[in-house]
Amino acid sequence: MARSWRNFFRLSKGADSNVKQEEISENIQDSEDPPVGTETAEDLDLATENPLEEDVPIAEEPVAVEEFVVEERPDGAVSENTPVIEPPIEEILKEIEEEPPVEVTEDEAVDEPDGSERSGWFGRLRQGMQRSRESFAGQLNAAFAEFRDVEDEEFWERVEEILITSDVGVATTSKLVTRLEQEALEKNITDGGQLRKLLLENAVQMLEKPIELDLAHKPAVVLMVGVNGTGKTTTIGKLVRFLPGRVMLAAGDTFRAAAIEQLQTWGERGGVPVVSRERGADSAAVAHDAIQQARVAGSDILIIDTAGRLHTKMNLMAELEKIRRTIERLQPGAPHEVLLTIDATTGQNGLRQAKMFTEATGVTGIVLTKLDGTARGGIALAIADEIGVPIKLISVGEKAEDLHPFEAREFAQALFGEL
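Quick caveat, the model's predicted, so the values are computed rather than measured. (Residues numbered from 1 in each chain as written. Predicted model: local features only at pLDDT ≥ 70, side-chain atom pairs only at ≥ 80, totals over all residues. Heavy atoms only, no water.)

A. Broad picture of the overall build of the protein chain. When helices and strands are tallied, the protein chain shows 14 helices and 13 strands. For the protein chain, with 419 residues in total, the buried portion stands at 57%. When the accessible area of the protein chain is evaluated, it comes to approximately 17,700 Å², of which 45% is carbon and sulfur surface. (Helix = DSSP H or I, 4+ residues; strand = E, 2+ residues; numbered from the N terminus. Buried < 20%, exposed > 50% of the residue type's maximum accessible area, 1.4 Å probe, protein only. Areas by Shrake-Rupley, 256 points an atom, 1.4 Å probe, with all protein chains shown as cover.)

B. Structural context of the side chain of lysine 370. Following the sequence through the fold, lysine 370 ends up in the loop between strand 11 (365-369) and helix 13 (379-387). By relative accessible area, which is 12% here, lysine 370 ends up buried. Within the local environment of lysine 370, its side chain forms a polar contact with the backbone oxygen of glycine 229, the two atoms lying 2.5 Å apart. (Polar contact = N/O pair within 3.5 Å; in protein donor to acceptor, adjacent residues only side chain to side chain.)

C. Unusual backbone geometry, seen in detail. In this chain, lysine 218 is followed by proline 219 through a cis amide linkage whose omega measures -5°. Positionally, proline 219 belongs in the loop between strand 5 (213-214) and strand 6 (220-225). Across the junction of alanine 334 and proline 335, the peptide omega takes the value -5°, indicating a cis bond. Although it is not a glycine, aspartate 167 adopts a positive phi angle of roughly 70°. Examined against the element boundaries, aspartate 167 turns out to sit in the loop between helix 5 (153-165) and helix 6 (170-186). Phi angles above zero are rare outside glycine, and lysine 370 is one such case at about 60°.

D. Looking closely at the pairing of strand 7 (residues 247-252). Strand 7 sits mainly inside the fold: 6 of its 6 residues count as buried. Here strand 7 shows a buried face lined by Val247, Leu249 and Ala251 and a second buried face lined by Met248, Ala250 and Gly252. Judged from the 6 bridges that link them, strand 7 and strand 9 (residues 301-306) form a sheet pairing that is parallel. Within strand 9, the residue paired with methionine 248 across the bridge is leucine 302. The pairing of strand 7 with strand 8 (residues 274-276) spans 2 bridges and is classified as parallel. Paired with alanine 250 across the two strands is valine 275, which belongs to strand 8. (Pairing = 2+ DSSP bridges.)

E. Structural detail: the pattern of salt bridges. By the definition in use, this model includes 15 salt bridges. We note a salt bridge from glutamate 212 to arginine 10, for which the minimum N-O separation is 3.2 Å. On the criterion of sequence distance, the pair formed by glutamate 212 in the loop between helix 7 (192-207) and strand 5 and arginine 10 in strand 1 (residues 9-10) is long-range, its members being 202 residues apart. Here arginine 158 makes a salt bridge to glutamate 146, at a shortest N to O gap of 3.2 Å. (Salt bridge = Lys/Arg side-chain N within 4 Å of Asp/Glu carboxyl O.)

F. Spatial organisation of the confidence of the model for the protein chain. Taken over all residues, the pLDDT of the protein chain has a mean of 76, while the share at 70 or more is 70%. Note on residues 14-119: pLDDT under 50 across the span, and 220 contacts to partners over four residues away in sequence or across chains. (pLDDT = per-residue confidence, 0-100. Contact = heavy atoms within 4.5 Å.)

G. A look at helix 13. Summarising burial for helix 13: 7 of the 9 residues are buried, a large majority. Among the residues of helix 13, those classed as buried are Ile379, Ala380, Leu381, Ala382, Ile383, Ala384 and Ile387. Of the residues one or two after helix 13, glycine 388 is the one with positive phi, at around 80°.

H. Broad picture of helix 5. Between its terminal C-alpha atoms helix 5 stretches 18 Å, which fits the 18 Å expected from 13 residues at 1.5 Å a residue. Among all positions in helix 5, only Phe155, Trp156, Val159, Ile162 and Leu163 are buried. Viewed end-on, helix 5 has its buried residues packed into an arc of 120°, placing them on one side of the element. Among the exposed residues of helix 5, those pointing more than 90 degrees away from its buried face are Glu154, Glu157 and Glu161. Backbone nitrogen of glutamate 154 and a side-chain oxygen of the N-cap are separated by 3.1 Å at the start of helix 5; the cap is aspartate 152. Just past helix 5, the residue aspartate 167 takes up positive phi, approximately 70°. (Expected span 1.5 Å × (residues − 1). Arc of directions from axis to C-beta.)

I. Spotlight on a negative patch on the surface. Among the surface-exposed residues, Asp149, Glu151, Asp152, Glu153, Glu154 and Glu157 lie close enough to one another that they form a single negatively charged patch. Owing to a relative accessible area of 60%, glutamate 151 belongs among the exposed residues under this scheme. (Patch = residues over 30% accessible without salt bridge, like charges linked within 9 Å, V, L, I, M, F, W, Y side chains within 5 Å. Lys, Arg positive; Asp, Glu negative; His and termini not counted. Charge placed at Lys NZ, Arg CZ, Asp CG, Glu CD.)

Here's what the structure looks like:
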C-alpha cells in the first residue's frame, strides 16, 4: 500500500488551524511542467562571466515578492499589499566569509513525459521503472533459475556482476550478496524461488528508513540542493501541491539563466508567493530576506531553491555552506530539512554527489528523480546503504502526481519485478 501524503508530514502538536490536512489529496489534477525560459547566446556568456565578481550590495532595495508582500503593523496585525523594506543584514552576514564567485553554465532539466496512460501510484511507479525492471530482474531471474547449490561460487559471482552493473555499487553489492549467501546457508535453501524472496526482503530492509518531512516549526525551512539538471526546481513546484498550510518560496538560484523565472512560474501555478532578487544577487541575502518575509507573512513553510552546485567544485560547495550558516544565524535549528535531488540516470555519479552534499550541507533526505528514464534503479540501494540518508521522495514523471513519498517495499517490488 502506498504511503499516504497525510502521514508523510511531521507537524507540531499545536498546529495552526490554517494547516488544512484535508487539502492534501492523492488524486490531484494532471499538471504539466511550466515552460522553462530559453537561454540566448548572451545568457550563456553572462553565466560564465562570474556575475558576483564584485560584492553585490545587500538589503539596499526592497525584496521582490510575487503575488503579495506583507507588513507587520504596530498593533501586531498583518496587512497585505504593502511594500516591506527589510532591515540591513550586514550585521548578520559580516562574520561569514565571502566565498569565490560561482560559475554555473548548465541548465536544470525537467522530467520528460512518457505519454502513456497511468492509473494509481504503484502503477505509475512500475511503469516508470519498466526499463530498470526488464534489464535488472530479467538477468537475476535467469541466474536464479539455475541456482542449485549455495556453495556454487560461479553463481554468486554472476549475481554480484548483475548487481554492480545495475548501479548497486561494489560495497553495497558485497554486503548484500554476503548476507544472502549466509542466510541461504543457514536456512539450507536450494531453490531459486526461495532465494529470490530472500533477496527482495534484504533489499527492503536496506531501503527501509524513517522518511517523515519535518514541518513541526514555523516557519519550517526546507533547503533544496542538487546539481544542475536533477530537476530541483521542478520538484519544488510539484511538492507545493501537497504541502499543508501557507507556503512561501525563495529563488536562491540566482546564477542559472531563467531559474528565477521558472520558480516564479511554479509559484503562480501553485498560488504561493516567491521571494526573489535580480540575477547575480547574493544567494545568502535572498535566504535572509525570505526568512524575514516568511515570519512577517505568517508562512508555515519556506522552501529555498539554490543554484546547481557541481559537487566536484569545492568553492561551490562552500557557497552552499555559507547559505546554511546564514539560515542558522537567523533561525537556530534551521534549515529543518535539506533535500538533495539526484538524477537516477547518473548511476554511481549520483552516489558521489550524495556523499559530497551530505558532508557540506547535512542532507536530511534524498529526492530520487527521473526514474522513468534509463535508470537501473539500483542506485537507491547504494545511497541507502552507503550514505545512510533516507530517500524521502521519488519522481517517475513530469506531472505533480508522479512525485510521491518513498516506500521501500513498493520500490523493491517495482525494481525487482516478478522475482
